[in-house]
Amino acid sequence: MSTIAFRFPGGRYHATPWGRHVNEGAVEWPPSPRRILRALLATGFSKLGWNTPIPEEAHRLIRKLAEVDAAYYLPPTQGGHTRHYMQNKTKTAKVFDTFLTLNPDEAILVHYPCELSRDEQDLLARLLANMSYLGRAESW
């Protein structure tokens, strides 16, 4: 059994749901299993130097996590947004930055009911230690 804790030191979680535009003002909550797995893969490529195809150990880890239904503990959140204007070549566009605020000391807990080998646990720990953000880059 593995449980991952995600904390947001800035107290904000930014994530646009799949198939939605950032200016719609929607936040994907809780973070989807797909988002978490994509973040792990992205970290492997960007921080651990993976090349295609991914290492077999990583393939086994991602497959095990993808094959089970994750259970979540979600801390209290509150919605918020900022509005600002960005100039492009022809006009000014209003941009919404929608997010959820949460206590930086609290964590989202994601529990995966599967058995990981010691190597898979070590790889997961390395991936999580190197993950810069979950969601959009503003969610450090």
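Rules used in this analysis
- Note on numbering: residues in each chain are counted from 1, in written sequence order.
- Only residues with pLDDT of at least 70 are given local features in this predicted model, and only at 80 or more are side-chain atom pairs given and counted; all residues enter the totals for whole chains, interfaces and linings.
- For the side-chain quantities, the full set of heavy atoms in the structure was used; hydrogens and water were omitted.
- In this description, strands pair whenever DSSP reports at least two bridges between them.
- By the criteria applied, helices consist of DSSP H or I runs no shorter than four residues and strands consist of E runs no shorter than two, each listed in order from the N terminus.
- Geometry is summarised by axes, namely lines fitted to C-alpha atoms with helices restricted to the contacting stretch, and by angles between N-to-C directions that run from 0 to 180 degrees.
- Each residue is placed in one exposure class: buried if its accessible area under a 1.4 Å probe, protein chains only, is under 20% of its type's maximum, exposed if it is over 50%, and partly exposed if it falls in between.
- Here a polar contact is taken to be a pair of N or O atoms separated by no more than 3.5 Å, where protein atoms must pair a possible hydrogen donor with a possible acceptor and residues adjacent in sequence count only if both atoms sit in side chains.
- Residue contacts are defined here by distance: any two heavy atoms, one from each residue, within 4.5 Å place the two residues in contact.
- Throughout this description, the term salt bridge denotes a Lys or Arg side-chain nitrogen within 4 Å of a carboxyl oxygen of Asp or Glu.
- An expected span of 1.5 Å times one less than the residue number is assigned to each helix.
- Here, the term nonpolar core denotes a set of buried Ala, Val, Leu, Ile, Met, Phe, Trp, Tyr and Cys residues that are joined through side-chain atoms within 4.5 Å.
- Only the six-membered ring of Trp is used, alongside the rings of Phe and Tyr, when aromatic pairs are assigned; centres must lie within 6.5 Å, and planes under 30 degrees apart are stacked while those over 60 apart are edge-to-face, with the rest tilted.

This part takes up the sheet that holds strand β6 (residues 107–112). Ordered in space as β1-β6-β3, the 3 strands form an open sheet in which the pairing is antiparallel. Two strands in the sheet have a free side with no partner beyond their single neighbour: β1 (2–7) and β3 (71–73). On average, each strand axis in the sheet is tilted by 20° relative to the strand beside it, whichever way the strands run. Of the pairings in the sheet, the one linking β3 to β6 comprises 3 bridges and is antiparallel in character. The residue of β6 that forms the bridge with tyrosine 73 is leucine 109.

Turning our attention to the side chain of arginine 136. Structurally, arginine 136 can be placed in the segment after α3 (118–130). Residue classification places arginine 136 among the buried positions, given a relative accessible area of 17%. Side chain to side chain, arginine 136 and aspartate 97 meet in a polar contact 2.6 Å long. With sequence-adjacent residues up to four places away left out, arginine 136 is seen in contact with His14, Ala15, Thr16, Val22, Asp97 and Thr98.

The next thing to look at is the side chain of serine 2. With respect to the element layout, serine 2 can be found in strand β1. If we skip the residues at most four places from it in the chain, serine 2 touches Val110, His111, Tyr112, Cys114 and Leu116.

Attention now moves to the pattern of salt bridges. Taken as a whole and assessed by the stated rule, the structure comprises 8 salt bridges. Linking arginine 35 and glutamate 28 is a salt bridge whose minimum nitrogen-to-oxygen distance equals 2.5 Å. Both residues of the pair, arginine 35 and glutamate 28, belong to the buried class. Aspartate 97 serves as the salt-bridge partner of arginine 136, at 2.6 Å between the closest nitrogen and oxygen.

Its 13 residues place the ends of α3 18 Å apart at the C-alpha level, agreeing with the 18 Å of an ideal helix rising 1.5 Å per residue. Lining the buried residues of α3 we find β1, α1 (33–47) and α2 (56–66).

Our next topic: the sheet that holds strand β5 (residues 92–101). With respect to topology, 3 strands assemble into an open sheet ordered β2-β5-β4, the strand pairing being antiparallel. Strand pairing shows two members of the sheet lacking a second neighbour, β2 (12–13) and β4 (78–87), which therefore form its edges. Here β2 runs beside β5; their pairing, made up of 2 bridges, is antiparallel. If you follow arginine 12 over to β5, its bridge partner there is threonine 101.

A separate point is the nonpolar core. Counting 27 residues, the largest nonpolar core has Phe6, Leu40 and Leu65 as the members making the most contacts within it. Contributing elements (two or more residues each) for this core: β1, α1, α2, β6 and α3. Those residues in contact with leucine 65 that sit more than four places away from it in its chain are Leu37, Leu40, Tyr112, Cys114 and Leu124.

With that settled, the discussion passes to the packing of aromatic side chains. A full pass over the atoms with the stated rule returns 3 aromatic pairs. For the ring pair phenylalanine 8 and tyrosine 13, a centre distance of 5.3 Å and an interplane angle of 65° mean the geometry is edge-to-face. Note on phenylalanine 8: relative accessible area 2%, which makes it buried. Under the relative-accessibility criterion, tyrosine 13 is labelled buried at 0%.

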